[in-house]
Amino acid sequence: MLKALLFLLFPTLVLGQLDKDKLSALQVHNDARKEVGVAPLAWSKKLEDQALKYAKQIARTNNYKHSDTRNGENLAMFFEYEIHNKLKTYIYSDTPLSDASMGWYNEIKDYKYSKIKRNRIGPKIGHYTQMVWKDTKEVGIASAVSKNGKVYVVARYYPAGNYLGEYPY
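First, a word on what this report is: a plain description of the structure on this page. Note that this is a predicted model, so its numbers are computed, not measured. (Residues numbered from 1 in each chain as written. Predicted model: local features only at pLDDT ≥ 70, side-chain atom pairs only at ≥ 80, totals over all residues. Heavy atoms only, no water.)

What about helix H3 (residues 45-61)?
Then step 1. Taking 1.5 Å per residue, 17 residues should reach 24 Å; H3 reaches 24 Å between its end C-alpha atoms and fits that length.
Then step 2. Taken together, the buried positions of H3 are occupied by Leu47, Glu48, Ala51, Tyr54, Ala55, Ile58 and Ala59. Taken end-on, H3 shows its buried residues confined to a sector of 140 degrees, consistent with a single buried face. Opposite the packed face of H3, turned more than 90 degrees from it, sit the exposed residues Lys45, Lys46, Lys53 and Arg60.
Then step 3. Summarising the contacts, the buried residues of H3 are in contact with helix H2 (20-35), strand S1 (42-43), strand S2 (72-78), strand S5 (138-145) and strand S6 (151-158).
Then step 4. The N-cap residue of H3 is Ser44: its side-chain oxygen and the backbone nitrogen of Lys46 are 3.4 Å apart.
Then step 5. Positive phi shows up at Asn62, right after H3, with a value of about 50 degrees. (Helix = DSSP H or I, 4+ residues; strand = E, 2+ residues; numbered from the N terminus. Expected span 1.5 Å × (residues − 1). Buried < 20%, exposed > 50% of the residue type's maximum accessible area, 1.4 Å probe, protein only. Arc of directions from axis to C-beta. Contact = heavy atoms within 4.5 Å. Polar contact = N/O pair within 3.5 Å; in protein donor to acceptor, adjacent residues only side chain to side chain.)

As structure tokens, this is what we get:
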């Protein structure tokens, strides 16, 4: 009886610890996955911690490139400011994780269902296909801000997707 109760409460306990932006980002991912008929992702604190560590590294170095992780990875960068009376004021979203997730999802407009190809010519679609990769089970997303005001968002996925010659779903 106790095991059954814990099993039923576990998703609530885990998701109850997520803030609004994390929940929204997870919802964007899971809505995209539902559209193509694949199982929803679970939030992973371990992947979130890895994403945060890498987001901080990118923010510290402003070296915006993919890591050498064996997990799947999506990256995003935001940079916006206003100048009034020669004073630069950075503008930060309250929802960088869900903003990035929506950006990745919006690649759907350029995606034509096909196998993943090595040299694809045209708009980027790999962020979207990683979001909906059929075998991926978990995601963790985090962000960090650089000294020059850039917001870096890193998402980590397990298991990874975007394997050459395979369909995402």
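Considerations on the sheet that holds S6
Backbone-to-backbone hydrogen bonds join strands into a sheet, with any given pair of strands oriented parallel or antiparallel.
Then step 1. If you trace the 4 strands from one edge of the open sheet to the other, you get S1-S5-S6-S2, paired in mixed fashion. Edge positions in the sheet fall to S1 and S2, since each has one partner strand and no second.
Then step 2. Its contacts with the sheet put H2 on S1, S5 and S6, and the angle it makes with S5 is roughly 130 degrees.
Then step 3. On top of the sheet, H3 reaches S1, S2, S5 and S6; it is set at about 30 degrees to S5, its chief contact. (Pairing = 2+ DSSP bridges. Axes fitted to C-alpha atoms, helices over the stretch in contact; angles between N-to-C directions.)

Some words on the side chain of His127
Then step 1. As for its placement among the helices and strands, His127 is situated in helix H5 (residues 126-131).
Then step 2. You can call His127 buried: its relative accessible area is 14%.
Then step 3. A polar contact is formed between the side chain of His127 and the side chain of Glu107, at a distance of 2.4 Å.
Then step 4. Beyond its immediate sequence surroundings of up to four residues, His127 is in contact with Asn74, Leu75, Trp104 and Glu107.

Looking at the layout of surface pockets
Then step 1. Roughly 440 Å³ of internal volume is contained in the largest pocket.
Then step 2. Lining the largest pocket are 18 residues, with His66, Glu73, Asn74, His127 and Asn162 sitting closest to its centre.
Then step 3. At the level of secondary structure, the elements contributing two or more residues to the lining of the largest pocket comprise S2 and H5.
Then step 4. It is S2 that provides the largest number of residues to the lining of the largest pocket, a total of 4 residues.
Then step 5. Of the residues that constitute the lining of the largest pocket, the class distribution is 4 nonpolar, 10 polar and 4 charged. (1 Å grid on protein atoms, 1.4 Å probe; cavity = no way out; pocket = protein on both sides within 12 Å on 5 of 7 lines; lining within 4 Å. Points joined across faces, edges and corners; volume = space filled by probe spheres on them. Nonpolar A, V, L, I, M, F, W, Y, C, P; charged D, E, K, R; others polar.)

Digging into the nonpolar core
Inside soluble globular proteins, nonpolar side chains tend to come together where they are buried.
Then step 1. With 23 residues, the main nonpolar core has Trp104, Met131, Val139, Ile141, Val153 and Tyr157 as its most contacted residues.
Then step 2. When contributions to this core are tallied by element, the ones reaching two or more residues are H2, helix H4 (96-105), H5, S5 and S6.
Then step 3. Filtering out sequence-adjacent residues up to four positions away, Val153 remains in contact with Asn74, Leu75, Ala76, Phe78, Pro96, Leu97, Ala100, Trp104, Ile141, Ala142 and Ser143. (Core = buried A, V, L, I, M, F, W, Y, C linked by side-chain atoms within 4.5 Å.)

Let's talk about the packing of H2 against H4
Then step 1. Where H2 meets H4, the axes come as close as 7 Å, and the angle between the chain directions of the two elements is 20 degrees. Compared by their axis directions, H2 and H4 come out roughly parallel. Judged by residue contacts, Asp21, Lys22, Ser24, Ala25, Val28, His29, Ala32 and Glu35 of H2 engage Pro96, Leu97, Ser98, Ser101, Met102, Trp104 and Tyr105 from H4.
Then step 2. Taken together, the residues of the contact of H2 with H4 sort by class into 8 nonpolar, 4 polar and 3 charged. (Parallel < 35°, antiparallel > 145°, perpendicular 65-115°, else oblique.)

Note that all results are geometric; they support no functional claim without further evidence.
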